[in-house]
Amino acid sequence: MKRLRHQTRPLIAFTASALLFWALPNISHADSSSLAVLSNAPEASISRNTSPSVVNSPAEITPFVYTNQEADLWERIRAGYAIPDLSNKLVDNQLTWYSTRTDYILRTVQRGSRYLYHVVEELEKRGMPSELALLPFIESAFNPQAISTAKASGMWQFMAATGKDFNLKQNMFKDDRRGVLDSTDAALNYLERLYGMFGDWQLALAAYNWGEGSVQRAIKKQQALGLPVDFDSMSALMPAETRNYLPKLQAVKNIIGHPEQFNIALPKLENQPYFVTVEKTRDIDVRVAAQLAELPMDEFTALNPQFNRPVITGNSDTKILLPTDNAALFKENLSKWQGPLSSWSTYTVAKTEKIESLAHKLGHKPEFIREVNMIPASMLVKAGSTILVPKSEKTPDQDISPEIADKAQLVIEKGIATRQLHYRVGKKDNLNSIAQRYKVSVADLKSWNNLKRDNVNAGQNLQIQVPVLAKSRHITVASHAKPTQRNKASAPNSKTLVANAKSGRKPHG
């Protein structure tokens, strides 16, 4: 592995393509063919949106300790199977679907190989069945960047509200629903609590997908009719998604248990940790961290998918995951690093305004600010919002404060529809008089026309974005200005969007 040379100058600034990578963090690390296959699975998974309730008399969980450290991880998982098998036509259908898609199975296994050891370790510590380690196979195809159509996120597919109930932080800088350590801990806490409520792993899994309240109501219906209370007997009361949820897990469990029966050769997985944790108390750019660890960006983000921005804010709780060998390289290279670790700071927006005027104030291109902060076109940034900006020469080594890192929000709203005009500057005109005439700001005029100074010359052509007055079907504009093509800005809308998490992208049905 090639080592870093001694660093003597700051890291080169992000290129436009690098910024775009971080402006689109919801892009899945699963390849497109995997996502297409999963979206066509019968009754593809969606995630629950429930809130925890008090457990009065939890069922006991029988501890399981695996002692054969020589076997590979698959043998360890098989040895810990403890959920009663389900056998019915739905399981057969799912087995047919999965077993005829060998490439998809192997791609999912390859992604999951980074995380499986950790999940199995955590399950065994709690005495929980090891086949639960296969649940992300159903939820997300082991893609921690997966976002469902219902906006459930991460490997374990937590909705925003449920994630908050289980202490998964979601702010401008990170979303712990995607973090490998935090989301796994939360998911196992949730599953453990559900088992405590129902005393049955099959019903606990149904509740994980359908919601505990829904399962409780179904149980009451069964009891009122004098019917058995178990997953198979109650499945007729469940929506199709939940009815197929356990059969999917059973199908994957069967394939992992006996891959030879399905002509599938699973790759050997070492029964040892894939990654270790490295604490980081100072801010560090994601690309600097990956460079110091000598890891490709896609591998670094696969292990650290929770970070929303191109900078990782540092505090006593900040941990990054790295393969063991790369963690040693990271520490060695960090000790030699002489450039700044982070090139980013924050700016608090004083008044609601457009990106163009904000960017002009900050001395950057609007496209740059949009990409870094994931702000769509034609959106206003609300007063009090926090945006990410490059560090200035005045604060070259100042970290983002823990308070801002924890509480910062970026709030945006749709801007007012505008029409673009061409205006020829008259002899008595100046930027201030033109801005007053059209009720726009001087900063906007300068931004729209790439003006560096406050001076304009007679005869100069200016572009002006004039608000549309929608009192009638006709658009009212100044009579002495020549209208041109109308912008694609949206009509006025008072709805405010809180952009402190990634926008949704459909990874599966």
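Our subject is the structure listed above.
This structure is a prediction, so every number in the text was calculated from the model and none was measured.

Draft legend 1. View of the environment of Lys253. Looking at the element boundaries, Lys253 is found in helix H13 (residues 240–257). Contacts of Lys253, omitting those with residues within four sequence positions, involve Tyr81, Ile83, Asp85, Glu131 and Leu134. Separated by 2.9 Å, the side chains of Lys253 and Glu131 make a polar contact.

Draft legend 2. Examining the packing of helix H6 (residues 116–126) against helix H9 (residues 180–198) more closely. Taken N-terminus to C-terminus, the directions of H6 and H9 make an angle of 35°; their axes are 11 Å apart at the nearest point. For the element pair H6 and H9, the recorded crossing hand is right-handed. Contacts between H6 and H9 pair His118, Val119, Glu122, Leu123 and Arg126 from the former with Leu181, Thr184, Asp185, Leu188, Asn189 and Glu192 from the latter. Partitioning the contact of H6 with H9 into residue classes produces four nonpolar, three polar and four charged.

Draft legend 3. The arrangement of unusual backbone geometry in detail. Look at Lys151: it is not a glycine, yet its phi comes out positive at around 70°. By secondary structure assignment, the location of Lys151 is in the loop between helix H7 (135–139) and helix H8 (160–165). For Lys151, a relative accessible area of 46% corresponds to the partly exposed category. Positive phi, close to 55°, is recorded for Asn263, a residue that is not glycine. Among the structural elements, Asn263 can be located in the loop between H13 and strand E1 (275–279). Accessibility expressed as a relative area gives 71% for Asn263, which makes it exposed.

What counts, and at which threshold
Residues numbered from 1 in each chain as written. Predicted model: local features only at pLDDT ≥ 70, side-chain atom pairs only at ≥ 80, totals over all residues. Heavy atoms only, no water. Helix = DSSP H or I, 4+ residues; strand = E, 2+ residues; numbered from the N terminus. Contact = heavy atoms within 4.5 Å. Polar contact = N/O pair within 3.5 Å; in protein donor to acceptor, adjacent residues only side chain to side chain. Axes fitted to C-alpha atoms, helices over the stretch in contact; angles between N-to-C directions. Left-handed = near helix turned anticlockwise from the far one by under 90°. Nonpolar A, V, L, I, M, F, W, Y, C, P; charged D, E, K, R; others polar. Buried < 20%, exposed > 50% of the residue type's maximum accessible area, 1.4 Å probe, protein only.

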